[in-house]
Amino acid sequence: MNARRIGAIGAAAALAFGLAACGGDDGGDAATGGDTAGKKLKIGIKFDQPGLGLKKGTEVTGFDIDMAKYVAKELGTAEGDIEWVQAPSPQRETLIKTGQVDMIFATYSITDKRKADVTFAGPYFVAGQDLLVRSDDTSITGADTLTGKKLCSVKGSTPAQKVKDKYPGVQLLEYSTYSECLPALTSKKVDALTTDDTILAGYAAQAEFKDKFKLVGKPFSEENYGVGLKKGDVELCNKVTEALKKAFTDGAWQKAIDDNLGPANYKPGPGNPPTPAACA
C-alpha cells in the first residue's frame, strides 16, 4: 500500500470519528443556557443532611431533593435523567464554575459574596441559624451564652463565618461535614453544633440520636436558600424561578416540608414561603 493511499484512509477514518463524536443523542447532554427540556441534569446536593439532602446507597431523600425533582420536572427533565452530585459547602462554587453541575440544591444561602460567582434563583426557603446541644445541657440558652464554649460547624459555611464575625469568644472547630460534628457533640469534644435550624431538626429527629440532642430554639440569623446556577445564566434562572413559584402555590412546597421535616415537629418560620427575587 503506497503512502498516498495510507494517508487517504487515515483522513477518512479521522473524519468518521469526528462525525460520530458530534452526532450523539442530544437528549443525553447536560442542560446549558436554559435549554433543559428532555435533557439530563446534574444537580448538586448534600449527601449527609437528614431531612434535607441524604444519600443512602442509591436512594436520595430530603426537602432539597423533593424540590430539585419538582423543578427538574417543570424544566422537562424526568427524575431518571437526574444525576445527583455531592456538593460539600466549600466546593459548591467550584462545582458550578467548572460545569460539574447544572444547578445546586444544598441549603445554599444566598449572600452578596457568593453572588459575585453564582447566579441564584430563589430564595425557596427562609431558615435561621440555631444551636444543637446535648439534651442535658442547660448552660447554653442562646448565642450570647457561647463565650468559652467549643462550637462545631462546617468549613466554608455561612453559619461558621457568622460565628467568626459576631462571637469571637467562641472556640470554633470546623469539620468537613455536619455529620462529623455529631459524634464530637456526643463525646463532649464540642459543646454545641451550629447551622440552620432545618438541618439541626433533621439530625435531632434521627432514631439513633433520640433524646440525645435538643434545639435551643433561638435563631440568630436569617438564611435564604437559593438554587445555585452558572453565573449569568438568566434564562435558566427565570425558568427555575417560575417552577419555584408554582411549587409554592400548588402545595408541592408544603408537602415537601411535611414529608421531610414534619417528623421533627419543625414549622417554617416567618417569611415562608418566600418571594423569589428577580433574576439578573
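Above this note sits the structure.
In what follows, the accompanying structure is described.

Basis of the calculations
Residues numbered from 1 in each chain as written. Predicted model: local features only at pLDDT ≥ 70, side-chain atom pairs only at ≥ 80, totals over all residues. Heavy atoms only, no water. Axes fitted to C-alpha atoms, helices over the stretch in contact; angles between N-to-C directions. Helix = DSSP H or I, 4+ residues; strand = E, 2+ residues; numbered from the N terminus. Left-handed = near helix turned anticlockwise from the far one by under 90°. Contact = heavy atoms within 4.5 Å. Nonpolar A, V, L, I, M, F, W, Y, C, P; charged D, E, K, R; others polar. Buried < 20%, exposed > 50% of the residue type's maximum accessible area, 1.4 Å probe, protein only. Pairing = 2+ DSSP bridges. 1 Å grid on protein atoms, 1.4 Å probe; cavity = no way out; pocket = protein on both sides within 12 Å on 5 of 7 lines; lining within 4 Å. Points joined across faces, edges and corners; volume = space filled by probe spheres on them. Phe/Tyr/Trp six-rings, centres within 6.5 Å; stacked < 30°, edge-to-face > 60°. Disulfide = S-S within 2.5 Å. Salt bridge = Lys/Arg side-chain N within 4 Å of Asp/Glu carboxyl O. Expected span 1.5 Å × (residues − 1). Core = buried A, V, L, I, M, F, W, Y, C linked by side-chain atoms within 4.5 Å.

Structural notes on the packing of helix α2 (residues 63-75) against helix α8 (residues 234-250)
Viewed as axis vectors pointing N to C, α2 and α8 meet at an angle of 115°, and their least axial separation amounts to 9 Å. Once α2 is placed against α8, the crossing between them reads as right-handed. Contacts between α2 and α8 involve Met67, Tyr70, Val71, Glu74 and Leu75 on the former and, on the latter, Leu236, Lys239, Val240, Ala243, Leu244, Lys246, Ala247 and Asp250. Looking at the contact of α2 with α8, its residues break down into nine nonpolar, no polar and four charged.

Some words on the pairing of strand β1 (residues 41-45)
Judged by how many residues are buried, β1 sits mostly within the fold: four of five residues are covered. Pairing of β1 with strand β5 (residues 82-86) involves five bridges; the strand directions are parallel. From the neighbouring strand, leucine 41 faces β5, where its bridge partner is isoleucine 82.

Here we look at the environment of glycine 99
Take glycine 99: it is sitting in the loop between α3 (92-97) and β6 (103-104). Residues glycine 99 and lysine 42, 57 residues apart in the sequence, show an inter-C-alpha distance of 9.2 Å.

So, the layout of surface pockets
In this structure, the largest pocket encloses a volume near 340 Å³. What lines the largest pocket is a set of 15 residues, and nearest its centre among them are Thr111, Lys113, Arg114, Gly156 and Ser157. Among the secondary structure elements, those contributing two or more residues to the lining of the largest pocket are α3, α4 (112-115) and α5 (158-166). No other element matches α5, which puts four residues into the lining of the largest pocket. Here the lining of the largest pocket is composed, by residue class, of two nonpolar, six polar and seven charged.

Comments concerning the packing of aromatic side chains
Applying the stated rule across the entire model yields eleven aromatic pairs. When the ring of phenylalanine 105 is compared with that of tyrosine 124, the centres are 5.4 Å apart and the planes differ by 50°; the resulting orientation is tilted. With phenylalanine 105 in the loop between β6 and α4 and tyrosine 124 in strand β7 (residues 118-127), this residue pair connects regions lying 19 residues apart in the sequence. Chaining the aromatic ring pairs together yields one cluster made of Phe63, Phe105, Tyr124, Phe125, Tyr225, Phe248, Trp253 and Tyr266.

Topic: the state of the cysteines
With the rule as written, the count across this model stands at two disulfides. Cysteine 152 shares a disulfide with cysteine 181; S-S distance 2.0 Å. The S-S bond linking cysteine 152 to cysteine 181 shows a torsion near -70°; that makes this disulfide left-handed. On the criterion of sequence distance, the pair formed by cysteine 152 in strand β9 (residues 150-154) and cysteine 181 in helix α6 (residues 181-186) is long-range, its members being 29 residues apart. Looking at cysteine 181, the relative accessible area reads 0%, which means it is buried. The disulfide bridge from cysteine 237 ends at cysteine 279, spanning 2.1 Å between sulfur atoms. An S-S torsion of about -80° defines the bridge between cysteine 237 and cysteine 279 as left-handed. Linking cysteine 237 in helix α8 with cysteine 279 in the segment after α9 (252-261), this pair joins segments that are 42 residues apart in sequence.

Here's the deal with the pattern of salt bridges
One pass over the full model with this rule turns up ten salt bridges. Glutamate 74 serves as the salt-bridge partner of lysine 246, at 3.3 Å between the closest nitrogen and oxygen. With a gap of 172 residues between them, lysine 246 in helix α8 and glutamate 74 in helix α2 connect regions that are remote in the sequence. Residue lysine 246 is classed as partly exposed on the basis of its relative accessible area of 39%.

A word on α2
Taking 1.5 Å per residue as the helical rise, α2 with its 13 residues ought to reach 18 Å, and the 18 Å between its terminal C-alpha atoms agrees with that figure. Among all positions in α2, only Phe63, Asp64, Ile65, Met67, Ala68, Tyr70, Val71, Ala72 and Leu75 are buried. One or two residues past the end of α2 sits glycine 76, with phi positive at roughly 100°.

Considering the nonpolar core
Met103 and Tyr124 are the most contacted members of the largest nonpolar core, which totals 54 residues. Take this core: its biggest share by element is eight residues, from α2. Residues within four places of methionine 103 in sequence aside, it is in contact with Leu41, Lys42, Ile43, Gly44, Leu75, Val227, Gly228, Leu229, Leu236 and Val240.

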